[in-house]
Amino acid sequence: QVQLAESGGGLVQPGGSLRLSCAASGFSPNYYAIAWYRQDPGKEREYLSCISYSDGSTYYADSVKGRFTVSKDNAKNTVYLQMNSLEPEDTAVYYCATVLCGPVVVALGSWGQGTQVTVSS
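The model shown is predicted, which means the values in this text are computed figures rather than measured ones. (Residues numbered from 1 in each chain as written. Predicted model: local features only at pLDDT ≥ 70, side-chain atom pairs only at ≥ 80, totals over all residues. Heavy atoms only, no water.)

Draft legend 1. Structural detail: the pattern of salt bridges. Enumeration over the complete set of coordinates arrives at five salt bridges. Between Glu-46 and Arg-38 there is a salt bridge, with the nearest N and O atoms lying 2.8 Å from each other. (Salt bridge = Lys/Arg side-chain N within 4 Å of Asp/Glu carboxyl O.)

Draft legend 2. Representation of the packing of aromatic side chains within the structure. Summed over the entire model, instances satisfying the criterion amount to two aromatic pairs. Centroid distance Tyr-37 to Tyr-47: 5.7 Å. Interplanar angle 70°. Geometry classified as edge-to-face. Taken as a pair, Tyr-37 in strand β4 (residues 33-39) and Tyr-47 in strand β5 (residues 46-52) lie far apart in primary sequence, ten residues in all. The two residues Tyr-37 and Tyr-47 agree in class, both being buried. (Phe/Tyr/Trp six-rings, centres within 6.5 Å; stacked < 30°, edge-to-face > 60°. Helix = DSSP H or I, 4+ residues; strand = E, 2+ residues; numbered from the N terminus. Buried < 20%, exposed > 50% of the residue type's maximum accessible area, 1.4 Å probe, protein only.)

Draft legend 3. Quick peek at the pairing of strand β1 (residues 3-7). Residues Leu-4 and Glu-6 of β1 are buried on one face, while the alternating residues Gln-3, Ala-5 and Ser-7, pointing to the opposite face, are not. With five bridges joining them, β1 and strand β3 (residues 18-25) adopt antiparallel strand pairing. Bridge pairing in β3 places Ser-7 opposite Ser-21. (Pairing = 2+ DSSP bridges.)

Draft legend 4. Spotlight on the sheet that holds β1. Strand order across the open sheet formed by four strands is β1-β3-β8-β7, with antiparallel pairing between neighbours. One side of each edge strand has no neighbouring strand; the edge strands of this open sheet are β1 and β7 (68-73). Between one strand axis and the next, the sheet turns through 20° on average, direction left out of account. Two elements, β7 and strand β8 (residues 78-83), share six bridges in a ladder whose sense is antiparallel. Within β8, the position partnered with Ser-71 by the bridge is Tyr-80. (Axes fitted to C-alpha atoms, helices over the stretch in contact; angles between N-to-C directions.)

Draft legend 5. Focus on the side chain of Ser-110. Note that Ser-110 resides in strand β10 (residues 106-111). Setting aside chain neighbours within four positions, we find Ser-110 in contact with Val-2, Leu-4, Cys-96, Ala-97 and Thr-98. (Contact = heavy atoms within 4.5 Å.)

Draft legend 6. Representation of the environment of Gln-13 in the model. Relative to the helices and strands, Gln-13 resides in the loop between β2 (10-12) and β3. Along the sequence, Gln-13 and Val-119 sit 106 residues apart, while their C-alpha atoms lie 5.4 Å from each other.

Draft legend 7. Structural detail: the state of the cysteines. Tallying each qualifying case throughout the model produces two disulfides. Shown here is the disulfide that connects Cys-50 with Cys-101, its sulfur atoms set 2.0 Å apart. Where Cys-50 bonds to Cys-101 through sulfur, the torsion about that S-S bond is close to 85°, and the disulfide is right-handed. Of the two residues, Cys-50 is situated in strand β5 and Cys-101 in the loop between β9 (92-100) and β10; the sequence distance between them amounts to 51 residues. Both residues of the pair, Cys-50 and Cys-101, count as buried. (Disulfide = S-S within 2.5 Å.)

Draft legend 8. Region of the structure containing unusual backbone geometry. Positioned with a positive phi, Asn-77 is a non-glycine residue whose angle comes to about 50°. Position of Asn-77 relative to the elements: it lies in the loop between β7 and β8. Phi angles above zero are rare outside glycine, and Ser-85 is one such case at about 50°. Its location among the elements puts Ser-85 in the loop between β8 and β9.

Here you go:
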């Protein structure tokens, strides 16, 4: 059973920062890629960013480029999403998933259960 577990969400004020973690177990992510998504109630899930374990290349959606940074720790099988300059519009449940990572992303079927991020004063 492939398992992905997000953590690090919480309540932050506008302009603040959070670092989310995606811990993978049941498989090695070294030959795959991990993406971050978010979803508000009643909306479609939105792709944010992905990182490839093969060459370390990263890709970002225009909505978060310049504010969010994706990184990885191979020894811990963990991918991070550093989120800066957060605004109320960033409030959502954040998910990680296994994907084909590139200019176009394709989900491969494994998702975490999400972590809530709330940006409010």
